[in-house]
Amino acid sequence: AQTVTQSQPEMSVQEAETVTLSCTYDTSESNYYLFWYKQPPSRQMILVIRQEAYKQQNATENRFSVNFQKAAKSFSLKISDSQLGDTAMYFCAFMKPFNAGNMLTFGGGTRLMVKP
Amino acid sequence: DAGITQSPRHKVTETGTPVTLRCHQTENHRYMYWYRQDPGHGLRLIHYSYGVKDTDKGEVSDGYSVSRSKTEDFLLTLESATSSQTSVYFCATGASTGTEAFFGQGTRLTVV
């Protein structure tokens, strides 16, 4: 079974600064996907970024980027130029795709507060 | 946005009563999931479905059952609600050809 660990329950950052959220995972699989989801106070789950394990290049989506270290089983999320709207819970998640139903295994979450 | 609707959005119920949560999708996705969200635990999988009448247990399935009689509907039933089942419940769907999961708005269930 896979496990996902987010070691930072809460973090804060000043507006316009950069923050990095940590995630580690444990798996014996070689092919998998990793995700970061954002959950604002509205409770909606929003996909922020996705990384395929067989791709060495780190994924980037605008101000969001990841540092994927496959050997270390680490998948951190960097948010650049933080905005007030980035205040949310962030969840790291693992998926073993295309067999057994594409289920997600989530970490415990990191609550991020962006301060003005 | 994927059309996933959960009902009800909020519910308060008494210990020992049965409760059914409904998830309805308009995307014709093959996979459907029920997760529960609790502080410090993130989201944990309760049950999932591969297709009509094809379901299986997830990580925290005790005390829950599911049914999927139509592609678009996935029901979660708490046979006899307990206070430990107070949580936020999320339905999600996924296409068999993709990796993205699409989530409903969540249902906040309180068992008193």
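Read on for an overview of the structure. If you're wondering where the values come from, they're calculated on a predicted model, not measured in any experiment. (Residues numbered from 1 in each chain as written. Chains lettered and ligands numbered in written order. Predicted model: local features only at pLDDT ≥ 70, side-chain atom pairs only at ≥ 80, totals over all residues. Heavy atoms only, no water.)

**Considering the pattern of salt bridges**
Close approach of charged atoms lets side chains of opposite charge pair. All names here are of chain A. All chains considered together, the criterion is met by eight salt bridges over all chains. Where Lys73 meets Asp26, a salt bridge forms, and the shortest distance between an N and an O atom there is 3.6 Å. Note that Lys73 is positioned in the loop between strand S8 (64–69) and strand S9 (74–79) and Asp26 in strand S4 (residues 24–26), a separation of 47 residues in sequence. With a closest N to O distance of 3.7 Å, Lys96 and Glu29 form a salt bridge. Remark: Glu29 occurs in the loop between S4 and strand S5 (33–39) and Lys96 occurs in the loop between strand S10 (88–95) and strand S11 (104–106); sequence separation between them is 67 residues. For Glu29, a relative accessible area of 29% corresponds to the partly exposed category. (Salt bridge = Lys/Arg side-chain N within 4 Å of Asp/Glu carboxyl O. Helix = DSSP H or I, 4+ residues; strand = E, 2+ residues; numbered from the N terminus. Buried < 20%, exposed > 50% of the residue type's maximum accessible area, 1.4 Å probe, protein only.)

**As for the environment of Gln56 of chain A**
Inspection of the secondary structure assignment puts Gln56 of chain A in the loop between strand S6 (46–52) and strand S7 (60–61). Residues Gln56 of chain A and Asp81 of chain A, 25 residues apart in the sequence, show an inter-C-alpha distance of 25 Å.

**Describing the state of the cysteines**
Tallied over the full model, the rule gives two disulfides over all chains. Disulfide pairing places Cys23 of chain A opposite Cys92 of chain A at an S-S distance of 2.0 Å. Between Cys23 of chain A and Cys92 of chain A the disulfide shows an S-S torsion of about -70 degrees. By sign, it is left-handed. Taken as a pair, Cys23 of chain A in the loop between strand S3 (19–21) and S4 and Cys92 of chain A in strand S10 lie far apart in primary sequence, 69 residues in all. Among the residues examined, Cys92 of chain A registers a relative accessible area of 0% and is labelled buried. The partner cysteine of Cys23 of chain B in its disulfide is Cys91 of chain B, sulfur to sulfur 1.9 Å. Residues Cys23 of chain B and Cys91 of chain B are joined by a disulfide whose S-S torsion is about -70 degrees; by sign, that bridge is left-handed. (Disulfide = S-S within 2.5 Å.)

**Describing the nonpolar core**
With 25 residues, the main nonpolar core has Tyr25, Trp36, Phe75, Leu77 and Tyr90 of chain A as its most contacted residues. Secondary-structure elements contributing two or more residues to this core are S3, S5, S6, S8, S9, S10 and strand S12 (110–115) of chain A. Counting residues per element, this core draws most heavily on S10 of chain A, at four residues. Within the second largest apolar cluster, 22 residues are counted, among which are Tyr37 of chain A together with Tyr33, Tyr35 and Leu45 of chain B. (Core = buried A, V, L, I, M, F, W, Y, C linked by side-chain atoms within 4.5 Å.)

**A few points about the sheet that holds strand S3 (residues 19–25) of chain B**
Residues and elements named next belong to chain B. Pairing is antiparallel across the open sheet formed by four strands, whose spatial order is S1-S3-S8-S7. Of all strands in the sheet, those bounded by a partner on one side alone are strand S1 (4–7) and strand S7 (64–70). When the angles between neighbouring strand axes are averaged without regard to direction, this sheet yields 20 degrees. Two strands pair when backbone bridges link them, and S7 and strand S8 (residues 73–78) are joined in this way by five bridges, in the antiparallel orientation. Residue pairing for S8: Tyr64 is matched across the bridge by Leu78. (Pairing = 2+ DSSP bridges. Axes fitted to C-alpha atoms, helices over the stretch in contact; angles between N-to-C directions.)

**With respect to the interface of chain B and chain A**
In this complex, chain B contributes 28 residues to the contact, which on the side of chain A involves 21 residues. Interface area, chain B with chain A, both sides summed: about 1900 Å², of which 54% is carbon and sulfur. Connecting chain B to chain A are zero salt bridges. Applying the counting criterion to the chain B and chain A interface returns seven residue pairs in polar contact (both at pLDDT 80 or more). Mapped onto the side of chain B that touches chain A, the elements with two or more residues apiece are strand S4 (31–38), strand S5 (42–51), strand S9 (87–94), strand S10 (101–103) and strand S11 (107–111) of chain B. The greatest single-element share of the side of chain B that touches chain A, amounting to five residues, is contributed by S5 of chain B. For the side of chain B that touches chain A, the per-class residue count stands at twelve nonpolar, 13 polar and three charged. (Contact = heavy atoms within 4.5 Å. Buried area = accessible area lost by both parts, 1.4 Å probe. Polar contact = N/O pair within 3.5 Å; in protein donor to acceptor, adjacent residues only side chain to side chain. Nonpolar A, V, L, I, M, F, W, Y, C, P; charged D, E, K, R; others polar.)

**Here's the deal with unusual backbone geometry**
Cis peptide bonds are those with omega within 30 degrees of zero, and the linkage from Ser7 of chain B to Pro8 of chain B qualifies with -10 degrees. On the secondary structure map, Pro8 of chain B appears in the loop between S1 and strand S2 (10–13). At Asp81 of chain A, a position not held by glycine, the phi torsion is positive, near 50 degrees. With respect to the helices, strands and loops of the structure, Asp81 of chain A is situated in the loop between S9 and S10. With relative accessibility at 41%, the residue Asp81 of chain A sits in the partly exposed group.

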